[in-house]
Amino acid sequence: MSILTINTVGIVGAGIMGNGIAQTCAAAGLHVVMVDISDEAVAKGLATIAGSLDRMIKKDKITAADKSAILARIRGSTQYEDFKAVQLVIEAATENYALKVKIVQQLDALLAPEVLIASNTSSISITKLAAVTQRPDRCIGMHFFNPVPLMALVEIIRGLQTSDATHEAVHAMAIALGKTPITVKNGPGFVVNRILMPMVNEALFVLAEGVATPEDIDAGMTLGCNQPLGPLALADMIGLDVCLAVMEVFLNEFGDSKYRPCPLLKELVAAGRLGRKTGQGVYTY
């Protein structure tokens, strides 16, 4: 299978990741069918894309005609049946194993046998998701980073069953989208989150032990390691509940105590202080 065969892409989920992937695909000239559970969710996703394109017009990155052409290549829907003409479906629903299994099984039952299924998961096993389908060799991970239109990286995750042809087609497509793909074996957290989340967790241990203030910890990492955002501010942006969930996956999957979540992280989540989305996390917003 070559990149030429992937000219129409289906996306499950019109949320922040789904609409970002839809925008990126449409901007690269692909036709997109973006499906979510309600007309309201689809409309919100399309409005978010339009707003993102408006900001790009203001920065002289695209023209108004470009915006119109990009939006014309995106079709919103609430029906999986509208995926029948696509060559690849990217699942970008909430990071929940049971939900992703349900979606992947529904897609598998509906799609033609040659259609590829990709998951935008940041932590769930591609091998496990592939195993619930009748096309395990055509299942793969495509982990985009938020905000999708701006972030260059895509992790291409090979499950144990993923074929070379599937990997080559998706790798080539990622390059066609203007992204830089890295190929990763299936494993908890893949590459980026496997390294990033323990760093965030360690920053919380440093804070809990009173080694330094949140501001000084973040200044140390931004100025000393040239990170654009300190680990504590980043944790608040990601969501402390998400950080906790990922660390718990690592602890469970690896069985290694080095991945134990910081008690302060658990305490903040228990208090409902989840970061930017609740107005309070490590910092107050």
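- Per an unreviewed UniProt entry, the chain carries the name 3-hydroxybutyryl-CoA dehydrogenase and comes from Rhodoferax ferrireducens.
- In its Sequence similarities (unreviewed entry) section, the UniProt entry covering the chain states "Belongs to the 3-hydroxyacyl-CoA dehydrogenase family."

1. Examining the sheet that holds strand β3 (residues 74-77)
Move 1: As summarised here, the arrangement of the eight strands in space is β3-β2-β1-β4-β5-β6-β7-β8, forming an open sheet in which the pairing is mixed. Edge positions in the sheet fall to β3 and β8 (180-185), since each of these pairs with one other strand and no more. Across this sheet, the average inter-strand angle for adjacent strands is 25°, counted without regard to direction.
Move 2: Where strand β7 (residues 153-158) lies against β8, six bridges are found, and the strand directions are parallel. Each bridged residue has a counterpart across the sheet, and for V154 the counterpart in β8 is P181.
Move 3: Its contacts with the sheet place helix α1 (residues 16-27) against β1 (8-12), β2 (31-35), β3, β4 (88-91) and β6 (139-144), and it is angled at close to 165° to β2.

2. Some details on the UniProt feature "domain: 3-hydroxyacyl-CoA dehydrogenase C-terminal" (unreviewed entry) in the chain
Move 1: The feature "domain: 3-hydroxyacyl-CoA dehydrogenase C-terminal" (unreviewed entry), as annotated in UniProt, sits at residues 189-285 in this numbering.
Move 2: Span residues 189-285 is 61% helix and 0% strand, its end C-alpha atoms 28 Å apart.

3. Focus: the side chain of S119
Move 1: Structurally, the position occupied by S119 is in strand β5 (residues 116-119).
Move 2: Since its relative accessible area comes to 3%, S119 is described here as buried.
Move 3: Polar side-chain contacts of S119 include one of 2.6 Å to the side chain of E91.
Move 4: Ignoring anything within four residues of it in the chain, the contact list for S119 reads E91, K100, I126, L129, I140, G141, M142 and H143.

Cut-offs applied
- Residues numbered from 1 in each chain as written.
- Predicted model: local features only at pLDDT ≥ 70, side-chain atom pairs only at ≥ 80, totals over all residues.
- Heavy atoms only, no water.
- UniProt positions renumbered as here; feature names shortened; annotations may be inferred.
- Pairing = 2+ DSSP bridges.
- Helix = DSSP H or I, 4+ residues; strand = E, 2+ residues; numbered from the N terminus.
- Axes fitted to C-alpha atoms, helices over the stretch in contact; angles between N-to-C directions.
- Contact = heavy atoms within 4.5 Å.
- Buried < 20%, exposed > 50% of the residue type's maximum accessible area, 1.4 Å probe, protein only.
- Polar contact = N/O pair within 3.5 Å; in protein donor to acceptor, adjacent residues only side chain to side chain.

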